[in-house]
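One-letter residues, chain by chain:
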Amino acid sequence: MNELSSSAQRMEAGERAQSTAFSQGEIIPLLQEAQEECGFISEEQIDEVAAVTGASASAVYGVATFYSQFRLQAPGKHMIRVCEGTACHVLGAKDVLQALEMNLNIGVDETTSDGLFSLESVRCLGCCSLAPAMVIDDETYGRVSPDRISEILSAYRKEAANE
Ligand code: FES
């Protein structure tokens, strides 16, 4: 074993040891708090959580990226939540989601480059009788079909253009 690889291995082992010296149970509530405050978790907040817990920033980042509840990007002005629960799935939620992704030119958990929309997929919105359903901010859209997506989104785009 050469000196370089042994030194690299020691550093890796050190990082591993450091990452187990704190519990995820300490990090998760702090990340939740940070996200509540700003709507997402910034690099500065990752560093702050690392400083408070004694974990490395990369370990905190690892926790933040592991759990889908955490968002590492500022959310768009309008949050679109598409239901992919059973009732919605059976009635075409996949097609609705695909139409949204094509129209917005983003995937799930992403934000449009103009910052207007973020897209999320959820398990149930609690309005299964309206399947397939989606919610934009606090507005529920029921029995959505892919060909309604353009019309629905254009109302938000027009509103943004008039502000
Ligand atoms: S399964 Fe979609 S709203 Fe319940």
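Please refer to the structure higher up on the page.
Rules used in this analysis
- Residues numbered from 1 in each chain as written.
- Predicted model: local features only at pLDDT ≥ 70, side-chain atom pairs only at ≥ 80, totals over all residues.
- Heavy atoms only, no water.
- Helix = DSSP H or I, 4+ residues; strand = E, 2+ residues; numbered from the N terminus.
- Buried < 20%, exposed > 50% of the residue type's maximum accessible area, 1.4 Å probe, protein only.
- Contact = heavy atoms within 4.5 Å.

Chemist: With reference to specific residues and values, describe unusual backbone geometry.
Modeler: Comment: phi is negative for the bulk of residues other than glycine, and the bulk of peptide bonds are trans. Note the cis peptide between A131 and P132, where omega equals -5°. Tracing the backbone shows P132 in the loop between β3 (117-122) and β4 (134-136). The residue D109 is not glycine, and still its phi comes out positive at about 70°. Along the polypeptide, D109 turns up in the loop between α6 (93-104) and β2 (110-111).

Chemist: Account for the environment of D47, naming residues and giving values.
Modeler: By the element assignment, D47 lies in helix α3 (residues 43-53). Separated by 11 residues in the primary sequence, D47 and S58 have C-alpha atoms spaced 9.1 Å apart.

Chemist: Pulling in residues and values, what's your account of the environment of V63?
Modeler: Residue position: V63 is located in helix α4 (residues 57-66). Accessibility expressed as a relative area gives 5% for V63, which makes it buried. On a C-alpha basis, the gap between V63 and I28 in space is 7.5 Å, while along the polypeptide they are 35 residues apart. Setting aside residues up to four positions removed in sequence, V63 forms contacts with Q24, I27, I28, L31 and F70.

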